[in-house]
Amino acid sequence: MASNKELKRIILPLINAIQPGRKTLINIMGFGRDNARVEALGKLMNLSYADENGVYMGSKDLGLLPALIAVVSSDSGEARVKALGTLWNLSLRHENIDYLVCCHGMSVVLAALQLSPKGSDSFKTSLTVLMVSGRILSAARDLFVAGGVEIISPLLDGGGVDGIKAAIILSFLLGKEESRGTQLSLLESKPQLTDLLESIFNNTVNGLGGDGYEFGNFDLVVIVAAIASMAVSDNNKAILSQRPTILLCLFQVLSLFLDDSPPIPYRGTGNSYGVGGGGQDIESAESAIESLQLLSFVYENDSDLRQHYKEIGVDVLFSMKRIMTHPKLSNNAKQGAQYLRNRLEEKTVPLPTVETAIPSVVEHKKHLMLSYAWGCKKELVISLQEKLTSFGVEVWRDETGSSLLSKMQGATDDIMAKAIELSHTVVVCVSPHYKASANCRQEGKYTNAMYKKGMLNIIYVMMDGDYYKSVDGWLGIMLGDSLWYPLWDAQNVIQTASDIAANVTACHRGDTPHLVVPQASSPAKDDSLRPPVGSPVTLVQQSSPAIDPHYDEAWTILTDPSKASDPEGLTSYLSEIGLSKSSELVYCDEEIWNELVSYVKLIPKRALLHILKKIHP
């Protein structure tokens, strides 16, 4: 392995040779084609195949990425193809994609895709760079803003390798959105994509290629990330969870990682480098854990989940136990593994109760917990914690803990449960990221269950100024028509922290918080001018959708035991998802409606379906 100093000595002359506008001897002599630049780009591409070179080659110190993007933007033909090939290799490293985004690389590569003839090497490599980079949120956002959905979507109809690459890109751009109403999810709209995804995943994880393997191998980290992204949609979950080959491949990714295996060889086109996987591929392993956790939500009953894994013949429990103690994996991954372990163990240890969780020395003391998604304005959540603490509120956040409980570490699932149980109030930070996160869904579900038992209070803060208009699915049902505070801007922090502190103090005194209709205002210039308690509490009313009277008719059918084919099952499901009144039916998505209808007898079922057609024509 070459040192950074040695690489710099080799690479800097190559960068000088590829800079657009730089005259080479061949240019000056008028031979037309810049063979020297193409040769330099070829050498750079060969160097980038080695994963150990990727860190330095993508560094800002070297400046290679901006030079490559300039070539893609200004050149055509073989020079552009080799520059794109180098970007492809470097994009397999997470940190290089962030730098690529800073250099506006996503829009440049998207433009190259549009300018390249379909089927050309330039077209294929541009599509691959977008696919590999798109798995990182910052790149997906840039691609979305640049019109990526409109440009990539038509490629789905072409099928083949381009079709599956387009599907993977769209899963990164749209996969975090649940399907709504009559809108079909990605895998529903193109059923053949599931077969292609399954085939490519199997080929890649098993190193298959050559004759009989039409689609060859893909980079493993991209495929597993795409499955995790698609599995956010409940409709996609239902499809993916019924594909044993996909589940087996996910477990194989974990086995290769846990056994510290070497990378999987690439056998699709004769290239000697690997496709990833093995003991060093942390990103693929963590995406596989996330995928399995998301897919497990299809099975409400733990016994059904155990039976499903038993049928496909994998020892999930053993793998999850090993993951929970693995030193390389993040706390989020370990928490996901513990969630699956708790569901799969025949005799699960019950979560600690409030009485057993609180030490006797702080028998009546509790904290306020902040429940949030890391990917959405985390800095505002940290600022909120700091302000609440300055107002005298005991706050638990996963990275800091509280005086009652440590920060998130070790058995993270148990810590999360204890954090909720030790809370007098849980502040839920509502955002698309929160809804998409498997861990946040688990956290929110347990918080809501404790709230319904009267064990704690829930306060909602909205992290996006427009998202309250479209919150749906499990988070929409949980939020319902509850009041919420704004926290989508730094200017909201002081006001919202002060009001939450006042709300908490009022509840502790047994008072009813005074609600004020929100007025247009600017934040206080001096924190000391904002008393933490005693001032009116400013809340925003959740904007409820207009309620169609047909929801009342549907609710009448659903709550009549004589019309149910399984009254106990229906009652249990209503309780499980938190439905308690007809107005909450407006938040149900297609998957929930299908489940509700399945519990109703034939004739009432027809009546219910007739009502649904009026609600969703």
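Provided above is the structure to which this section pertains.
Here goes a summary of the coordinates provided. Here the residue numbers are simple positions, counted from 1 along each chain's written sequence. Side-chain atom pairs in this predicted model are given and counted only at pLDDT of 80 or more, local residue features only at pLDDT of at least 70, and totals for whole chains, interfaces and linings cover all residues. Side-chain descriptors were evaluated using all non-hydrogen atoms of the structure, hydrogens and water having been removed beforehand.

1. Digging into empty space enclosed by the protein
We count it as follows: The way it works is a 1 Å grid over only the protein atoms, where trapped points that fit a 1.4 Å probe form a cavity and open points with protein on both sides within 12 Å along at least five of seven lines form a pocket, and then any residue with an atom within 4 Å of a point lines it. Grid points are joined across faces, edges and corners, and a volume is the space filled by probe spheres set on the points. A run of DSSP states H or I qualifies as a helix once it reaches four residues; a run of E qualifies as a strand once it reaches two. Both are numbered from the N-terminal end. Amino acids are sorted into nonpolar (Ala, Val, Leu, Ile, Met, Phe, Trp, Tyr, Cys and Pro), charged (Asp, Glu, Lys and Arg) and polar (every other residue, Gly among them).
This model, assessed by the stated rule, comprises 3 cavities of 30 Å³ or more. Here the second largest cavity is characterised by a volume of approximately 40 Å³. Taken together, 10 residues form the lining of the second largest cavity, with Val232, Lys237, Leu294, Lys435 and Arg441 sitting closest to its centre. Among the secondary structure elements, those contributing two or more residues to the lining of the second largest cavity are α25 (432-436) and α26 (438-452). When its residues are assigned to classes, the lining of the second largest cavity shows 5 nonpolar, 1 polar and 4 charged.

2. Details of the side chain of Thr86
Worth spelling out the cut-off: Relative accessibility thresholds used throughout: buried, under 20% of the residue-type maximum; exposed, over 50%; partly exposed, between the two (1.4 Å probe, protein chains only).
On the secondary structure map, Thr86 appears in helix α6 (residues 77-90). Accessibility expressed as a relative area gives 0% for Thr86, which makes it buried.

3. Overview of the environment of Cys429
The cut-off we apply is this: Contact between two residues is taken to exist if any of their heavy atoms lie within 4.5 Å; hydrogens are not considered.
Take Cys429: it is sitting in strand β5 (residues 423-430). On the basis of relative accessibility, which here comes to 2%, the residue Cys429 falls in the buried class. Residues Cys429 and Leu487, 58 residues apart in the sequence, show an inter-C-alpha distance of 8.3 Å. Apart from residues lying up to four places away in sequence, Cys429 is in contact with Ser371, Tyr372, Val381, Tyr434, Val461 and Met463.

4. Side note on the nonpolar core
As a reminder of what qualifies: We define the nonpolar core as a collection of buried residues of types Ala, Val, Leu, Ile, Met, Phe, Trp, Tyr and Cys that are connected through side-chain atoms lying within 4.5 Å of one another.
Ranked by internal contacts, the top residues of the largest apolar core, which has 107 residues, are Ile152 and Phe201. Among the elements that make up this core, the one with the highest residue count is helix α17 (residues 244-258) (10 residues). Counting residues in hydrophobic clusters, the runner-up holds 30 residues, among them Leu405, Tyr446, Met478 and Leu479.

5. Concerning the pairing of strand β3 (residues 367-371)
Looking down a regular strand, the side chains alternate between one sheet face and the other. Basically, it comes down to this: Only strands joined by at least two bridges in the DSSP assignment are considered to pair. Classification remark: right-handed applies to a crossover when, strands pointing away from the viewer, the course from the first strand over the helix to the second runs clockwise.
Most of β3 is tucked away, with 5 of its 5 residues classed as buried. Burial of the side chains of β3 extends over both faces: His367, Met369 and Ser371 are buried on one face and Leu368 and Leu370 on the other. Sheet topology note: the β3/β5 ladder contains 5 bridges and is parallel. In the strand pairing of β5, Leu370 is matched with Val427. Note that the unit made of β3, helix α23 (residues 378-390) and strand β4 (residues 395-396) has a crossover that is right-handed.

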